[in-house]
Every structure is written in structure tokens, then in C-alpha cells.
Amino acid sequence: MKTGTKMTLLALAALLALLAGTALGSVSIPPGDILAILCARLFGAPLPPDIGPGYPAMVLDMRLPRVALAFLTGAALAASGTVMQSVLQNPLASPFGLGVSAGAGLGAAIVIVTGLAAGAMGNVILPAVSLVFGLGTTALVLWISGRIGRGNGGVTIVLIGMVASLFFNAVMDLLATLSPSYAQRINLWQLGSFSMREWSAVWVLLPVTAAGLIFFCCQARALDVMTFGQEQALAMGVDLPRVRAWLIGAVALLTGTSVAFVGIIGFIDLIAPHVARRFFGAAHRRVLPASALIGGTFMVLCDLAARTLTPPREIPIGSITALLGAPFFLYVYFAGRRRERL
Amino acid sequence: MLEVKDLCCGYGGRDVVRGVSFGLAQGEKLCVLGPNGSGKTTLLRAVAGLLPRRGQVLLDGTDAAALPRRELARRVALMSQLSPVYFSYTVYETVMLGRYPHRKGGLLDRDSEADRAAVRESLERVGLWAHRDRPVTELSGGQLQRVFLARAFAQDPAVILLDEPTNHLDLKYQLELTESLRAWTARPGRCAVGVFHDISLALAFADRVLLLQDGLVRYLGPADALDRQTLTQVYDVDVAGYMRATLKRWE
């Protein structure tokens, strides 16, 4: 199949997932009604009279922002994962390995235990502080690895990132233990959720994700070269220290922003790039958009499962991504292997 | 074309290469010889600008240290020792990456006619054009080595630096690789420096020899004038005697 055809199919799948995510839930809304509501909102077309009275509010204020947030988060995490794996030449690398999530988690925990999260500005302060902490932790990790890592940048960054993550996670656990009344809230934040469903989060995440993706695509060739190792990248003309710092900075911003709104959602950053490479080869100008689409689609479907499988209780989204993702990943990976061998 | 003056370089404050100077004219092929730990690879990496160094590396009179990475990569290519590949690029895509320093980059960057022609010519030189759609992760060590040589060709530099390019290769491919390198350097404005382990192959490839011992130059001159005594001293074994004994077996 041609790359263009595959990409079109992927985009169609993404649209279908977005539609399903908006249509399904405690009340099912027919797709036709969703389109009518959207047309009414966007183009001022008159709303057909037979649409249920609660539908417009449900679609516009609850389902759509939630689905959009899930899609953007999935896309941002998947693209960040792709970049990290290439920058560190490690197929198991993840943006969370930079300490972004642990730092953001600590920031969120501090906001929660000081009671600021429950205050009037809580919905702004919590993501803002956790983003600052996430970026700060990444900067710290890069600074330390820059000082001690000579000529072996990739491995040093992974190691220091792991140490920083463990340390900040421990501090967060300590905070949770010392203030038991907030422990559950911290714990829930760690598991991740899209239940906040606010447009404001979408309007922050959309431009950040779009800008990040465009930047990554501009660096697609450099990323290709970097997968062959530092020495070869330098010898082929990549200004490695500068390019790597920019890429990691962008990854931290993308991951940090999404973590700040929805908490820590693992697995998608790891599997989406591998699934994308299975179907689109290794070149980044194809893998980056493909993994963003795959990550977004997969996240929307996981969120749909999270809120519809065990009503009225919601399953934490992080558990769903792992529950559905692990077998799916194994299937894609090994099905591909077997076909190649025959 | 390439001039190296009083080059010193090392790791962690200790110099491994201590004051090496040599010059290379167009069309020349220099091989760097020496026992393990004599500083061959370090010298090559320092010339490529991958290690902090003292002394000068001049390219057509320009100080290489003053050139931006991309500009340097248009003039000097390095073929490193074989390292594992983790991502399944095709052979064609891998060689196309050699064109990186010649491209503008950005969102709308596409392979130009010149890029495609350079990649095809490079792949034909190493005899891998028929294998262009195979993923590099499935190649044998020897094939991968030739892919990397083709990538260095595609970079279209004036100088190619090679770090033990014939490791992992069968004799047939060792000879083919040195032959395609000789053909490449025969074009005007090109020269090559290779670090070799195999002394016979090195002498078959190069017209000049740089012999290193403990980071110092023990011999620099034409390949045919390298004498038995110097080799014996540097390698601490009667190299020429060993070669003769080997030859007897075939007579």
C-alpha cells in the first residue's frame, strides 16, 4: 500500500474515533445529531427540532472538549516518544524518562497539599505549577548530564533522568503520606484522567502540540541522522549539542503541558512510535505524523473505554492504555515479525 | 588539500596523540598503521573534529575548527567502525542521509535530482543498488559496512576518513571495498585517510604510510619505502618475516 493511502486511512480512523468518542457514553447521541449541532455552532445553521434538549450542551460542553483533549494528549505524547527514542538512540526511551512527569507530579502534589488546588484559581494554578516543575526537572537533568557526561550524552541523560524521577516520586509519596487527607487526590492525579473536560485546556494544548509537531517535522532529517549515533551525526553535519537541546526542550514542553492538565498517562509514548514504524518505515517525515495520529486515536478509544466499560465508575485512563495497549502492541510487533520471516 | 599540524589530543587530560603532523595532496591515499593503543582511531576522530584537540587541521588552507558542522561535513566524511543499527531504515534511505549537509532542511525539503543521482552512483559503486529497498537491520555486517561507505560517498566530500573499514568483511569484499575507494580517490580533488589493522591490505590500498607508536610518528613516507626494521620495532614482532612465512605456504 502506498504511504499516502495509509496516511489517509489513518486520518479517517482518527475522525471515526473522534466521532465515536463524542457519540457514545451514558447517553448515546446519533452521529447525524452531532453533525447538526456542530453545524449550528460553527456556521449558525438552524438546529433541527427533533434533537434532544440536552444534546447540544452535552456535545459542546462535555463530550467534545474531553475527546479533543484526549486526542491532543495522545498525539503530543506519541510524537514526544518518537523524538526521544531517536535522540537517545534507544527504542525504549520515553519522554517521562527526562523527569518531566515526576517533576510535574511533585509540583501538582505541592499545590494539592497546600490547599491551593481547591481554591478559586485551582484549575489554573495546578497545571501552571506542575508545568513549571516538569520543565525545571528536565532542565536540571540536562544540566547535570551536561556536566558529567563526556561524549556519552544519551546514556547519561537516561541515567540522570531515572535518578531524578525516582527521587521526585519519593518526595511526592512522602508528601502524600504526611497529609493523608490529600493522599487520594494526589494518587488520582498520578493515574491521569480527562474528566476535567474544559475547553480552556484544549486551547492551551492545541497550539503547543501543533507548534511542537511542526518543529519536529522540520527536524525530521536531523532526527533520521541522529538515530545512527552521536559520532556519525556529528560527522554528517548535525550540530548535535544545539539540535539535541532544542528537541529535548520541545519534548519537555509538549509532555509537561499535557501532563499538567491530565496527569501521567504512560504507554502511548512508547508504543505509538513502534506501531507507526511498523507500517510507515523508520523515516521521521512519515513516522512523526503517523505516530501522532495513532497516539491521538488510541487515546480517544482508551478514554471511551475508561468511561463506558464500568458505568458509572471511571477506570483510570493510565490503566486502560496499558490494559489495551500491551496486547495490541505485542500483536502488531510479532505479527509483523512473522510476516517478514515467511 | 588536507594538512595536519602538530596535533595533540586525548581523553581526560592525558594525550593519546602527541604532536602528529602530515599533509595530503589530491589523489593521495594515506594509511595509518600502528599497534593497539597507538592512537590511530583517536587521531582520525580528532581530524574529523569529534574530539577536543590542540594543533591545526587545515582544509585547502582553511582552519577546520572555524567551519560550522554542516560546512565541515560537505568537505570531510567519516566512516566509523561498525556500530549496531536500531531503526529499520532502508538501504536507500540510509545512503540518502549522507546528503544531509547539502540540503536546506525544513518542512518542504524533498530529495532533489542531484541527491538521487548521488545516492544511485554511490550504491552502484559498492554493488548494493539491487538491495536498495532492504531494511539495514537485516543486513550482514559486511553489507552494512558497504552501506556506510556508500553513505560517505554520497556526502560528496573532498576527504574521506575511514576507521578500520574492512573489519567484518570477507576477503572478496575487503578487496572490492579498497578497489572502490581507489576508484573514488582517482577523481580530481579527493583524498582518503584510512586506519587499518591488516598491514598487507593497508599497503595495497595506500601510497603513503603514517606509522604511529605511543601517539608519536615513527614513520611518514611512501608505502614502498617502509623498512623491515622500523616495522619490527613498532609492532614488537618480525612483521616482514611473518608475511614471508605466510607466503611460503602458498608457493
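Trainee: Which parts of the structure should I look at to understand the overall build of chain A?
Mentor: Each helix and strand in chain A was counted, giving 14 helices and 0 strands. Reading the helices (α) and strands (β) of chain A from amino to carboxyl end gives α-α-α-α-α-α-α-α-α-α-α-α-α-α. For 342 residues, the compact-globule estimate of 2.2 N^0.38 gives 20 Å, and the C-alpha radius of gyration of chain A, at 21 Å, lies within 12% of that figure. Each principal axis of the C-alpha atoms in chain A carries an extent, and together these give about 70 × 55 × 40 Å. For chain A, buried positions account for 48% of its 342 residues.

Trainee: Mind showing me how you'd approach the overall build of chain B here?
Mentor: When its secondary structure is counted, chain B shows 9 helices and 10 strands. A compact globule built from 251 residues should have a C-alpha radius of gyration of about 18 Å, and chain B, at 19 Å, falls within 12% of that. Expressed as lengths along the three principal axes of its C-alpha atoms, the size of chain B is roughly 60 × 50 × 35 Å. Across the 251 residues that make up chain B, the buried fraction comes to 40%. Considering only residue pairs separated by 6 or more positions, chain B has 68% of its internal contacts joining residues 24 or more positions apart.

Trainee: Looking at this model, I keep getting lost on unusual backbone geometry. Mind explaining?
Mentor: Generally, phi is negative for residues other than glycine and the peptide bonds are trans, each holding for most cases. In the segment running from A:P311 into A:P312, the intervening peptide bond is cis, with an omega of 5°. Counting through the fold element by element, A:P312 comes out in the loop between α13 (284-308) and α14 (317-341). Of note in the backbone geometry, B:D214 takes a positive phi value of approximately 50° without being a glycine. On the neighbour-count criterion, B:D214 (14 C-beta atoms within 10 Å) is partly exposed.

Trainee: I tried to follow the sheet that holds strand β2 (residues 14-24) of chain B on my own but got confused; where do I start?
Mentor: By definition, the strands of a sheet pair up through backbone hydrogen bonds, in either a parallel or an antiparallel sense. Residues and elements named next belong to chain B. Read from one edge of the open sheet, 4 strands run β2-β1-β4-β5, paired in antiparallel fashion. The open sheet is flanked by β2 and β5 (62-63), the only strands paired with a single partner. Where strand β1 (residues 2-11) meets strand β4 (residues 53-59), 6 bridges bridge the pair, whose relative direction is antiparallel. By the bridge assignment, C9 is partnered in β4 with R53. Set on the sheet, helix α1 (residues 40-47) makes contact with β1, β2 and β4; between it and β2 the angle comes to about 65°.

Trainee: Help me understand the environment of B:V237, please; the structure alone is not making it clear to me.
Mentor: Residue and element names in this part refer to chain B. Within the secondary structure, V237 is located in the loop between α8 (228-235) and α9 (239-250). With 10 C-beta atoms counted inside 10 Å, the residue V237 sits in the exposed group. Separated by 25 residues in the primary sequence, V237 and L212 place their C-alpha atoms 15 Å from one another. What V237 contacts, discounting residues up to four positions off in sequence, is T232 and Y242.

Trainee: Any chance you could explain the pairing of strand β9 (residues 208-213) of chain B here in plain terms?
Mentor: The side chains of a regular strand alternate between the sheet's two faces. Residues and elements named next belong to chain B. Most of β9 is tucked away: 5 of the 6 residues are buried. Examined bridge by bridge, strand β3 (residues 29-33) and β9 share 4 bridges and lie parallel to one another. Of the residues in β9, the one forming a bridge with V32 is L210. Where β9 and strand β10 (residues 216-222) come together, 6 bridges link them in antiparallel fashion. Bridging from a neighbouring strand, L210 pairs with L220 of β10. Taking the residues that link successive antiparallel strands as the turn, the β9-β10 hairpin has 2 residues, and the phi of D214 there is positive, at about 50°.

Trainee: Looking at this structure, I do not really get the confidence of the model for chain A. What am I missing?
Mentor: Detail in the predicted coordinates should be disregarded across regions flagged by low pLDDT. Put simply, chain A has an average pLDDT of 87, and 96% of its residues get 70 or more. Ranking the elements of chain A by mean pLDDT puts α14(A) last with 74 and α13(A) first with 94.

Trainee: Looking at this model, I keep getting lost on the interface of chain A and chain B. Mind explaining?
Mentor: Many structure descriptions define interface size as the accessible area lost when the parts assemble. Across the boundary between the two partners, chain A contributes 23 residues, which contact 27 residues of chain B. At the level of secondary structure, the elements contributing two or more residues to the side of chain A that touches chain B comprise α8 (199-218), α9 (220-226) and α10 (230-235) of chain A. Looking at the side of chain A that touches chain B element by element, the count peaks at 4 residues for α10(A).

Trainee: When you look at the sheet that holds β3(B) in this model, what are you seeing that I'm missing?
Mentor: All names here are of chain B. Read across the open sheet, the 6 strands follow the order β6-β7-β8-β3-β9-β10; overall the sheet is mixed. Since the sheet does not close on itself, it has two edges, and those belong to β6 (76-79) and β10, each with one partner. In this sheet, neighbouring strand axes are inclined to one another by 15° on average, regardless of whether the strands run parallel or antiparallel. Alignment of strand β7 (residues 159-163) against strand β8 (residues 191-195), held across 5 bridges, turns out to be parallel. Its bridge partner being in β8, D163 is matched across the sheet by V195.

Trainee: Sorry if this is basic, but what is going on with the confidence of the model for chain B here?
Mentor: Looking at chain B, the pLDDT average stands at 90 and 100% of residues meet or exceed 70. Here the prediction assigns the complex a pTM of 0.89, and the interface score ipTM is 0.89.

Trainee: Explain helix α1 (residues 3-23) of chain A here, please?
Mentor: For an α-helix, 3.6 residues make a turn, and residues three or four places apart therefore share a direction. Here α1(A) is 21 residues long and its end C-alpha atoms lie 30 Å apart, about the 30 Å a rise of 1.5 Å per residue gives. Structurally, α1(A) contributes buried residues whose contacts are with α2 (31-43), α3 (55-87) and α13 of chain A.

Trainee: Honestly, the nonpolar core in this entry has me stumped. Any pointers?
Mentor: Grouped burial of nonpolar side chains is what soluble globular proteins tend to show. Judged by nonpolar contacts, the single largest core of 171 residues is most densely connected at B:V32 and B:L161. Here the element with the most residues in this core is α3(A); it accounts for 16 residues. If near-sequence neighbours (up to four positions away) are discounted, B:L161 is found in contact with B:L44, B:V47, B:A48, B:V76, B:L78 and B:V193.

Trainee: Is there a simple way to explain the pairing of β2(B) in this structure?
Mentor: Taken together, the 8 bridges between β1(B) and β2(B) define a ladder with antiparallel strand orientation. Residue pairing in the sheet places B:C9 in a bridge with B:V17 of β2(B).

Trainee: Just to check I follow, could you spell out the packing of helix α4 (residues 100-113) of chain A against helix α7 (residues 180-191) of chain A for this structure?
Mentor: Packed helix pairs are characterised by how far apart their axes lie and by the angle those axes make with each other. Residue and element names in this part refer to chain A. Contact geometry for α4 and α7: axes closest at 10 Å, N-to-C directions at 150°. Classified by the interaxial angle, the pair formed by α4 and α7 is roughly antiparallel. Crossing geometry of α4 relative to α7 is assigned as right-handed. Residues G105, A108, A109, I112 and V113 of α4 form the contact with α7, whose own contacting residues are Y182, R185, I186, W189 and Q190. Here the contact of α4 with α7 is composed, by residue class, of 7 nonpolar, 2 polar and 1 charged.

Thresholds applied
Residues numbered from 1 in each chain as written. Chains lettered and ligands numbered in written order. Predicted model: local features only at pLDDT ≥ 70, side-chain atom pairs only at ≥ 80, totals over all residues. Helix = DSSP H or I, 4+ residues; strand = E, 2+ residues; numbered from the N terminus. Rg over C-alpha atoms; globule rule 2.2 N^0.38 Å. Buried ≥ 20, exposed ≤ 12 C-beta atoms within 10 Å, placed from the backbone. Contact = placed C-beta atoms within 7 Å. Pairing = 2+ DSSP bridges. Axes fitted to C-alpha atoms, helices over the stretch in contact; angles between N-to-C directions. pLDDT = per-residue confidence, 0-100. Expected span 1.5 Å × (residues − 1). Core = buried A, V, L, I, M, F, W, Y, C linked by C-beta atoms within 7 Å. Parallel < 35°, antiparallel > 145°, perpendicular 65-115°, else oblique. Left-handed = near helix turned anticlockwise from the far one by under 90°. Nonpolar A, V, L, I, M, F, W, Y, C, P; charged D, E, K, R; others polar.

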